[in-house]
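Descriptive structure summary
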Amino acid sequence: MTDATIVTAPPAKASSPTRSALADIWRQFRAHRGGVVGLIVFTFIVTAVFVGPYIHRVAPNAINIRDKNQWPSMAHPFGTDNLGKDMLAQVLAGGRISLAVGITAMLLALFLGTLVGVVSGYIRRLDGPLMRITDLFLALPLLPLLLVIIMLFRDTLRAAFGPETGIFILIVFVIGITSWMHTARIVRGDVLAVKSQEFILAAKSSGMREHRIILRHILPNVLSSIMVSATLGIASAIITESALSFLGLGFPSDFPTWGRLLFDGANFLQLTPSRVLWPGLAISLTVLSVNYMGDAIRDALDPRALKH
């Protein structure tokens, strides 16, 4: 009796490799042309404002009266202001401050909005009071409120932290505490929809603690709304800071931001219009690119787009 030879067949290859969630999100993001263009423009602006000073080695506050009010040239690609300061150097320096204000204020507003939205949507007894507080903040005239807060606390914070750091803390704080309401309402709506799902009920039945349910199940399922709010929050914060600086209530004149450069160049619009062209163009491109990125992120994180 001969032993039968057992031939083991090679394992069958998968018809298509399993793609990760990040790969699917990136594929959906790349399908949004506006988002890709926005990402390229925003990356270019961020790279320019942080790397540009190492290439264009001109101090933004260097005064040269003999070169005042010049149009763009090889020596001064963006021209000069009424004191002979190089506008390219000022736009690059102002971009760092404007982006820092926008990102920091967005993080503060995002934290407050997410906290209020999650707590309001998950804990029923706190839903009413928190939403009434949110409605109260939404009903306030924000620009006059910002002006009053800045006028009341500007000198105190400048004396405590210095003229630049003090006004930075104040502007970030006032923008952050007046920009969280829309995020809170959006997150609350998503939490109300998610907490009624079967996997949340199963987690509660298994004895999982409430904070673990929020961290492991609620937050990951509202992440898309939080990410969209983050991108829109950066644009909103940059515009608000520019408006405050344009009104003369932002950073001091020797600490340029894009809004401050617009404010300083408004009186010289007919003499050297490029003074307001470049910072205005920087603000517009940054806000537009961030908004397009937000639209692309929203579409990429849409669960219906990830289903095949």
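The rules behind each value
- Residues numbered from 1 in each chain as written.
- Predicted model: local features only at pLDDT ≥ 70, side-chain atom pairs only at ≥ 80, totals over all residues.
- Heavy atoms only, no water.
- Salt bridge = Lys/Arg side-chain N within 4 Å of Asp/Glu carboxyl O.
- Helix = DSSP H or I, 4+ residues; strand = E, 2+ residues; numbered from the N terminus.
- Buried < 20%, exposed > 50% of the residue type's maximum accessible area, 1.4 Å probe, protein only.
- Axes fitted to C-alpha atoms, helices over the stretch in contact; angles between N-to-C directions.
- Parallel < 35°, antiparallel > 145°, perpendicular 65-115°, else oblique.
- Left-handed = near helix turned anticlockwise from the far one by under 90°.
- Contact = heavy atoms within 4.5 Å.
- Nonpolar A, V, L, I, M, F, W, Y, C, P; charged D, E, K, R; others polar.
- Expected span 1.5 Å × (residues − 1).
- Arc of directions from axis to C-beta.
- Core = buried A, V, L, I, M, F, W, Y, C linked by side-chain atoms within 4.5 Å.

**A short note on the pattern of salt bridges**
One pass over the full model with this rule turns up five salt bridges. With a shortest N-O distance of 2.7 Å, Asp-127 and Arg-188 are connected by a salt bridge. Here the residue Asp-127 occupies a position in helix 4 (residues 124-139), and Arg-188 occupies one in helix 7 (residues 181-194), the gap between them amounting to 61 residues. Asp-127 sits in the buried class, given a relative accessible area of 16%. The salt bridge involving Arg-298 is made with Asp-295; its shortest N-O contact spans 3.9 Å. In this pair, Arg-298 and Asp-295 both sit in helix 12 (residues 274-300), three residues apart, roughly one turn of the helix. Look at Arg-298 and you get partly exposed, because its relative accessible area is 44%. Connected through shared salt-bridge partners, Arg-132, Asp-135 and Arg-185 make up one network.

**Notes on the packing of helix 3 (residues 87-122) against helix 6 (residues 163-177)**
Contact geometry of helix 3 with helix 6 gives a least axis separation of 8 Å together with a crossing angle of 40 degrees. By the criterion of interaxial angle, the relationship of helix 3 to helix 6 is oblique. Helix-helix and strand crossings are classified by hand; for helix 3 and helix 6 the assignment is right-handed. Here helix 3 contributes Ala-100, Val-101, Thr-104, Ala-105, Leu-108, Ala-109 and Leu-112 to the contact with helix 6, which in turn contributes Phe-168, Ile-171, Val-172, Phe-173, Ile-175, Gly-176 and Ile-177. Residue composition of the contact of helix 3 with helix 6, grouped by class: 12 nonpolar, two polar and no charged.

**Topic: the environment of Ala-203**
Relative to the helices and strands, Ala-203 is located in helix 8 (residues 198-205). Those residues within four positions of Ala-203 in sequence are excluded, and the remaining contacts are Met-208, Ile-213 and His-217.

**A few points about the environment of Ser-289**
Within the secondary structure, Ser-289 sits in helix 12. Residue class for Ser-289 comes out buried when judged on its relative accessible area of 2%. With 179 residues separating them in the primary sequence, Ser-289 and Leu-110 have C-alpha atoms 19 Å apart. Here Ser-289 is in contact with Gly-38, Val-41 and Phe-42, once residues within four sequence places are set aside.

**A closer look at helix 11 (residues 258-265)**
Because an α-helix packs 3.6 residues into every turn, residues spaced three or four apart end up facing the same way. Summarising burial for helix 11: six of the eight residues are buried, a large majority. Of all the residues in helix 11, the buried ones are Trp-258, Gly-259, Arg-260, Leu-261, Leu-262 and Gly-265.

**Describing helix 4**
Look at helix 4: 23 Å from first C-alpha to last across 16 residues, which is about the 22 Å you get at 1.5 Å a residue. Where helix 4 is concerned, the buried positions are Asp-127, Met-131 and Thr-134. Here the buried residues of helix 4 occupy an arc of 60 degrees about the axis, which is enough to place them on one side. In helix 4, the exposed residues that point more than 90 degrees away from the buried face are Arg-125, Arg-132, Leu-136 and Ala-139.

**As for the nonpolar core**
Nonpolar side chains in soluble globular proteins tend to end up buried together. In terms of nonpolar packing, the biggest core is built from 36 residues, with Tyr-122, Val-191, Ile-213, Ile-218 and Trp-258 touching the most fellow members. At nine residues, helix 3 tops the list of elements feeding residues into this core. Those residues within four positions of Tyr-122 in sequence are excluded, and the remaining contacts are Val-191, Lys-195, Lys-204, Glu-210, Ile-213, Ile-214 and Ile-218. Of all hydrophobic cores here, the second largest spans 17 residues; its members include Ala-105, Leu-157, Leu-170 and Ile-171.

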